[in-house]
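An overview of the molecular structure
Chain by chain, the residues:
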Amino acid sequence: MLYGLLFLGVPMVTHRAALAAMSQARRAEVFYQAQRAYEQAVQVSATDAVQAERFLRQAADGFQGLIDDGAVNGRLYYNLGNTYLRLNEVGRAILNYRRAERFIPADDRLAEGLRVARSVRRTDIPVAGRSELIHALLFWHYQTTLRGRAVVGMVFYVLFWLAAIGATLRRHEAWRYVLLGSLLLWAMLGCSLAGSAYAAAHWREGVILVDNVVVTKDPGVGSSPEFKEPLQQGVEFELLERHGRWYRIRLPNGKSGWIPQETADLI
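Let me begin by describing the structure that accompanies this report. (Residues numbered from 1 in each chain as written. Predicted model: local features only at pLDDT ≥ 70, side-chain atom pairs only at ≥ 80, totals over all residues. Heavy atoms only, no water.)

With that out of the way, let us pick up the overall build of the protein chain. Of regular secondary structure, the protein chain possesses nine helices and five strands. Listing each helix as α and each strand as β along the protein chain from the N terminus yields α-α-α-α-α-α-α-α-α-β-β-β-β-β. Long-range contacts, defined as pairs at least 24 residues apart, comprise 60% of the intrachain contacts of the protein chain with a sequence gap of at least 6. As presented, the protein chain carries roughly 15700 Å² of accessible surface, and 58% of it is formed by carbon and sulfur atoms. (Helix = DSSP H or I, 4+ residues; strand = E, 2+ residues; numbered from the N terminus. Contact = heavy atoms within 4.5 Å. Areas by Shrake-Rupley, 256 points an atom, 1.4 Å probe, with all protein chains shown as cover.)

Next up on the list: the packing of aromatic side chains. Taken as a whole and judged by the stated rule, the model has seven aromatic pairs. Arranged with centres 5.1 Å apart and planes meeting at 75°, the rings of Phe160 and Trp161 form a pair that is edge-to-face. Residue class for Trp161 comes out partly exposed when judged on its relative accessible area of 44%. Among the aromatic side chains, those forming a connected cluster through ring pairs are Tyr157, Phe160, Trp161 and Trp186. (Phe/Tyr/Trp six-rings, centres within 6.5 Å; stacked < 30°, edge-to-face > 60°. Buried < 20%, exposed > 50% of the residue type's maximum accessible area, 1.4 Å probe, protein only.)

Relative to strand 2 (residues 236-243), strand 1 (residues 204-208) is paired through four bridges, and the arrangement is antiparallel. The partner of Glu205 across the bridge, within strand 2, is Glu238. Here five bridges tie strand 2 to strand 3 (residues 246-250), and the two strands are oriented antiparallel to one another. Bridging from a neighbouring strand, Leu239 pairs with Ile249 of strand 3. Taking the residues that link successive antiparallel strands as the turn, the strand 2-strand 3 hairpin has two residues, and the phi of Gly244 there is positive, at about 60°. (Pairing = 2+ DSSP bridges.)

All right, on to the side chain of Arg99 then. Considering the arrangement of structural elements, one finds Arg99 in helix 4 (residues 90-101). A relative accessible area of 14% places Arg99 in the buried class. Polar side-chain contacts of Arg99 include one of 3.3 Å to the side chain of Asp265. (Polar contact = N/O pair within 3.5 Å; in protein donor to acceptor, adjacent residues only side chain to side chain.)

Another point: the sheet that holds strand 3. On the basis of which strands lie adjacent, the open sheet formed by five strands has the order 4-3-2-1-5 and antiparallel pairing. Two strands lie at the open edges of the sheet, namely strand 4 (256-260) and strand 5 (264-266), each paired on one side alone. Sheet twist, expressed as the mean angle between neighbouring strand axes with direction ignored, is 45°. Pairing analysis gives three bridges linking strand 1 to strand 5, with the strands arranged antiparallel. The residue bridging Gly206 from the neighbouring strand is Leu266, located in strand 5. Across the sheet, helix 4 is in contact with strand 1, strand 2 and strand 5; its angle to strand 1 comes to roughly 155°. (Axes fitted to C-alpha atoms, helices over the stretch in contact; angles between N-to-C directions.)

Next up on the list: the environment of Tyr77. Inspection of the secondary structure assignment puts Tyr77 in helix 3 (residues 74-86). Along the primary structure Tyr77 and Ile67 are separated by 10 residues, whereas in three dimensions their C-alpha atoms are 8.1 Å apart. Tyr77 has contacts with Ile67, Val72, Asn96, Tyr97, Arg99, Ala100, Arg102 and Phe103, leaving out every residue within four places of it along the chain.

Attention shifts here to the packing of helix 1 (residues 24-44) against helix 2 (residues 49-68). Packing of helix 1 against helix 2 brings their axes to within 8 Å, and their N-to-C directions diverge by 155°. Taken as axis vectors, helix 1 and helix 2 run roughly antiparallel relative to one another. Between helix 1 and helix 2 the crossing geometry is left-handed. For the pair formed by helix 1 and helix 2, the contact residues are Arg27, Val30, Phe31, Ala34, Gln35, Ala37, Tyr38, Gln40, Ala41 and Val44 on the first element and Gln51, Ala52, Phe55, Leu56, Gln58, Ala59, Gly62, Phe63 and Leu66 on the second. (Parallel < 35°, antiparallel > 145°, perpendicular 65-115°, else oblique. Left-handed = near helix turned anticlockwise from the far one by under 90°.)

With that out of the way, let us pick up helix 4. Note on helix geometry: an α-helix contains 3.6 residues per turn, so any two residues three or four positions apart are oriented the same way. With 12 residues, helix 4 ought to run about 16 Å at 1.5 Å a step, and its terminal C-alpha atoms sit 16 Å apart, in line with that. Here helix 4 lies mainly inside the structure; 10 of its 12 residues are buried. Within helix 4, the full set of buried residues consists of Val90, Gly91, Ala93, Ile94, Leu95, Asn96, Tyr97, Arg98, Arg99 and Ala100. On its buried face, helix 4 is in contact with helix 3, helix 5 (108-120), strand 1, strand 2 and strand 5. (Expected span 1.5 Å × (residues − 1).)

Looking now at the pairing of strand 3. With five bridges joining them, strand 3 and strand 4 adopt antiparallel strand pairing. The partner of Ile249 across the bridge, within strand 4, is Gly257. Remark: five residues form the turn of the hairpin made by strand 3 and strand 4, two consecutive strands paired antiparallel; Gly254 in that turn has positive phi of roughly 95°.

A separate point is the pattern of salt bridges. The full count for this structure, using the stated rule, is 20 salt bridges. Across the pair Glu205 and Arg98 runs a salt bridge whose closest N-O atoms are separated by 2.8 Å. Of this pair, Glu205 sits in strand 1 while Arg98 sits in helix 4, placing them 107 residues apart in sequence. By relative accessible area, which is 26% here, Glu205 ends up partly exposed. We classify Arg98 as buried; its relative accessible area is 12%. With a closest N to O distance of 3.0 Å, Asp211 and Arg122 form a salt bridge. Residue Asp211 is located in the loop between strand 1 and strand 2, and its partner Arg122 is located in the loop between helix 5 and helix 6 (130-137); the two are separated by 89 residues in the primary sequence. Residue class for Asp211 comes out partly exposed when judged on its relative accessible area of 30%. (Salt bridge = Lys/Arg side-chain N within 4 Å of Asp/Glu carboxyl O.)

Okay, here's the thing in structure tokens:
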């Protein structure tokens, strides 16, 4: 299932206006063609696998072309994830679903698509240790948008000052609870926003895009393997550092090693 034509957006980078960017009419046409190709692929998938793949490639090219042109939003990434999932390219499906999460983190259809993609990858590494605890305690941080948290934070900020004024004008036990509660929630959301800003600047995640990726102890061809089994596409990781064309990654279970840059992409 795809999202219909919503808002294809404007280029996010201002200097793109000097390039040959698509007009809004052209973007709408490309989107329609990509969506139509996806629908045709679904229709013929049971009878003509070759033709279905051809349609899916057309759809993927269309959705990716819109994103490359600057029409970046969660709906397009979601549609692209669906397309790659039907192509059995689970790594690219998860990559685009995860990119969509930055814009529509609480979307039910996105959550279901990501769940299905993760269920079919051949290397499944469960979250363990500190990361598992953090995700459990801060679920509200990971399942809401930055904008949403900012709006709610402003609500509690206003509520705090209204409670402060009320407590000054009329001393009552209830005002103290409202004051302390709004202050606590305001501080929590403020820390959440600060954490998101820090993560955006310093913390990157990625996804393995190809099969049989050997994780090595050191960067460079010829280094000995870090793990007995290679990683398959769809494995998600945290980027720790770069060295030339090598990534040092940390897996959800806390183990780390080096992979060639061309075998993965960053969210």
